[in-house]
Amino acid sequence: MKYFISILFLIICLSVKSQNLETPKLISVSVDTVTGCPLLNWSVENPQNVDGYVIKRLIFDGVGVMSNTYNNVAVIDNNSTFSWVDNSTEFGTKADPQNRIEFYRVASFVNDGENKKYSLMSDPVSTILLSVEYDRCSNQYSAIWNGIKSDEIETIYFRSGIDGVEDRIAVLGNDTTFTYQFKNHNVIRNFAVEFCLKSGQSFFSSMTKVIANNIQLPEIFNIQSASVNHQKQIELILNISESYDVSKVELVRQKLDEDTSDIQRFELPLSSMSDYHYIDETADPNVRYSYHLEAFGNCGTAIAFSKMINNVVLIVLEGEDNSNALSWNILAVNNLNSINYTNIYRQIDENQFENLGYLNSFYSSYNDLLSNMISDNNNYSGKFCYQVELITIENDNQQSIFSNISCINREPIIYIPNALNPNSTNENNQIFRPKADFLEDYHLIIYNKRGAVVFETKDINEGWNGYDKSGKYYPRDTYFYNITFKTSDNKPQQRSGCVNLVY
């Protein structure tokens, strides 16, 4: 009986001594984002009173130990060491924090001769297992991880990156779920949750790599140009390669400079289109549009977009000093540097278009001076039409992009002399002939003071020389003229006045 009491007293004494050793505080169990191994951090208030630490891991499938029990995986004979990476292979098993939650406890010890005396084990702390899934239809990432309660945690971040987890993209609360949608798409992304402690240290969850999708997008997906054809329709050249993960392709047209909500969509066939000419029959070539392509996936959302392209719209206004002022937008091709030069074409009174010359690609305006046209041997009704042609050269491939045809009806220009002298040495003064242009249905009548007609013509190039039908001069006097004509847009006009006959 005395022997039994002695043994019991010894056990109690050893237990008391063990409890007198300081139990380490296991601060965090991080998953190293480089090696993928658990990284433990702990602390003790009086490390001088201990000789080292023992690390215990909950063993799930080890050899020679009972499953789901804590067993030693490391003994650290250094009281000033407060961190440890678990890459051990004790009991024929390794930590696998990428696929399961690993639990750890830490105890301190002192060497007592050949024996070690241990403290109580710390409270268990686990790794954080993060799982992230990608939804192709919503283009969202959904994350979930096991919760952790600690007064030491100050901020929790959701991190992501392409090569690692370098970017903090959101601040998290106490929830253990999170959804996020990126503006830019990358097939492979890495994710982790970062727990920032009040001490300034951080520990991480497991890092998970997510392959967002393996959608096969069209390798070639662009609009090469938007030009006006001979039928005065906007004709686009499309280049689209096939893709088996695309359910439909749409051409999107939007009005510019007006109501931006006016968006039209045109579905295209799901086939390879190399230099495919698409005619937009409903577009007004005098209106500036933006065009782009959208490819839709099986979820019904757009997964690929081409660059935008504009048609060229030419505007013609009446300029100063008898000129027509032309201006146009040059945002017509994806690569503006490929515009080499611009040709200017003009049509007068339904005649053939003529090339007025070319401009450097930096210009988007031109003044057509009309002074040299007035009162020449030709007569013009005043209807002018213009078109510009942008020449693009890329990889030795030359292409023409035409604007709309823009027309202007010029107001008549007419100069009427106030006298004539058949004997003048200046030929221009020998005949009364108004100098006029940009008009139609010209009719000139000259009267004497009694109202009798002395001259009449409908030929703008014919004038009154002061003679009567017998070849004699009319008397020196003041005569009256009346001129009627129509403008290029068919409006009737009239001019009246006096002309003096002198000789």
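Structure: see above.
Residues numbered from 1 in each chain as written. Predicted model: local features only at pLDDT ≥ 70, side-chain atom pairs only at ≥ 80, totals over all residues. Heavy atoms only, no water.

### Focus: the sheet that holds strand β36 (residues 440-447)
Rules: Only strands that DSSP links by at least two bridges are regarded as paired with each other. In this text, helices come from DSSP runs of H or I with a minimum length of four residues, and strands from runs of E with a minimum of two, each type numbered from the N-terminal end.
Spatially, the 5 strands line up as an open sheet ordered β34-β39-β38-β36-β37, and their pairing is mixed. The sheet is open, and its two borders are formed by β34 (419-420) and β37 (453-457), each paired with just one other strand. One ladder, built from 10 bridges, connects strand β38 (residues 477-486) with strand β39 (residues 492-501); its direction is antiparallel. Following the sheet pairing, F480 is matched in β39 by C498.

### Regarding unusual backbone geometry
This is how the line gets drawn: Only protein chains enter the accessibility calculation, which uses a 1.4 Å probe; a residue whose area is less than 20% of its type maximum is buried, one above 50% is exposed, and one in between is partly exposed.
Not every positive phi belongs to a glycine, and N68 is a case in point at roughly 65°. Checked against the element boundaries, N68 lands in the loop between β3 (52-59) and β4 (69-76). In this structure N68 comes out as exposed when scored by relative accessible area, which is 51%. A positive phi angle is found at N139, which is not glycine, with a value near 55°. Here N139 shows up in the loop between β9 (130-135) and β10 (140-145). Here N139 falls in the partly exposed class, since its relative accessible area comes to 26%.

### Quick look at the pattern of salt bridges
Condition: Any carboxyl oxygen of Asp or Glu that lies within 4 Å of a side-chain nitrogen of Lys or Arg is treated as forming a salt bridge with it.
Under the definition given, this model contains 18 salt bridges. Between K117 and D112 there is a salt bridge, with its nearest N and O atoms 2.5 Å apart. In this structure, K383 engages E350 in a salt bridge whose closest nitrogen and oxygen atoms are separated by 3.0 Å. Highlighted residues: K383 in strand β30 (residues 383-394) and E350 in the loop between β27 (339-348) and β28 (354-360), separated in sequence by 33 residues. With a relative accessible area of 29%, K383 lands in the partly exposed category.

### Things to note about the sheet that holds strand β26 (residues 323-328)
Quick note on the threshold: Lines are fitted to the C-alpha atoms to define the axes, a helix being fitted only along its stretch in contact, and any angle between axes, read from their N-to-C directions, falls within 0 to 180 degrees.
Within the open sheet, the 3 strands sit side by side as β25-β26-β29. Their pairing is antiparallel. Unpaired on one side and paired on the other, β25 (314-319) and β29 (365-369) mark the two borders of the sheet. Taking each pair of neighbouring strands and ignoring which way they run, the sheet shows an average axis angle of 20°.

### Considering a nonpolar patch on the surface
To keep things clear, this is the line we draw: Residues enter a patch when their relative accessible area is above 30% and they make no salt bridge; the linking distance is 9 Å between like charges and 5 Å between nonpolar side chains (Val, Leu, Ile, Met, Phe, Trp, Tyr). Accessible surface area values rest on a Shrake-Rupley calculation with a 1.4 Å probe, where residue burial reflects the displayed protein chains alone.
A surface patch of nonpolar side chains, amounting to about 260 Å² of accessible area, comprises V187, I188 and I211. Tracing the chain through its elements places I211 in strand β16 (residues 208-211).

### Some remarks on the packing of aromatic side chains
Short version of the rule: Ring pairs shown here join Phe, Tyr and Trp side chains whose ring centres sit within 6.5 Å, with only the six-membered ring taken for Trp; geometry is labelled stacked below 30 degrees between planes, edge-to-face above 60, and tilted in between.
Considering all chains together, one arrives at 22 aromatic pairs under this definition. Both rings, one in Y141 and one in F191, keep their centres 5.1 Å apart while their planes meet at 50°; by these two values the pair is tilted. Of the two residues, Y141 sits in strand β10 while F191 sits in strand β14 (residues 188-197), which places them 50 residues apart along the sequence. A relative accessible area of 0% means that F191 is categorised as buried. Here the aromatic rings of F178 and Y180 are separated by 6.0 Å at their centres, their planes lie at 25°, and the arrangement is stacked. For Y180, a relative accessible area of 25% puts it in the partly exposed group. Site record: aromatic cluster; members linked through ring pairs are Y134, Y141, F158, F178, Y180, F182 and F191.

### Examining the pairing of strand β32 (residues 406-409)
Because side chains alternate across β32, one face comprises the buried residues S406 and I408, and the other comprises C407 and N409, none of which is buried. The sheet contact formed by β30 and β32 spans 4 bridges and is antiparallel. Counted as the bridge partner of K383 is N409 from β32.

### Regarding the nonpolar core
The cut-off we apply is this: In this text, buried Ala, Val, Leu, Ile, Met, Phe, Trp, Tyr and Cys residues form a nonpolar core when linked through side-chain atoms within 4.5 Å. The contact definition used throughout considers only heavy atoms, calling two residues in contact when any of these lie within 4.5 Å.
Ranked by size, the top nonpolar core spans 22 residues in total, and within it I223, L236, L238, L251, L268, Y291 and L293 carry the most contacts. At the level of elements, β17 (221-228), β18 (234-240), β19 (248-255), β20 (263-268), β21 (273-280) and β22 (289-296) are the ones that each hand at least two residues to this core. Non-local contacts of L293, meaning those with residues more than four positions away in its chain, are made with F221, N222, I223, L238, I240, E250, L251, L268, A304, F305 and S306.

### Re the state of the cysteines
To keep it simple, the criterion reads: Cysteine sulfur atoms are paired as a disulfide whenever they come within 2.5 Å of each other.
Going through the model one piece at a time under the given rule, you end up with 1 disulfide. Through a disulfide, C385 is tied to C407; the S-S separation comes to 1.9 Å. Residues C385 and C407 are joined by a disulfide whose S-S torsion is about 105°; by sign, that bridge is right-handed. Of this pair, C385 sits in strand β30 while C407 sits in strand β32; the two residues are 22 residues apart in sequence, bridging distant segments of the chain.

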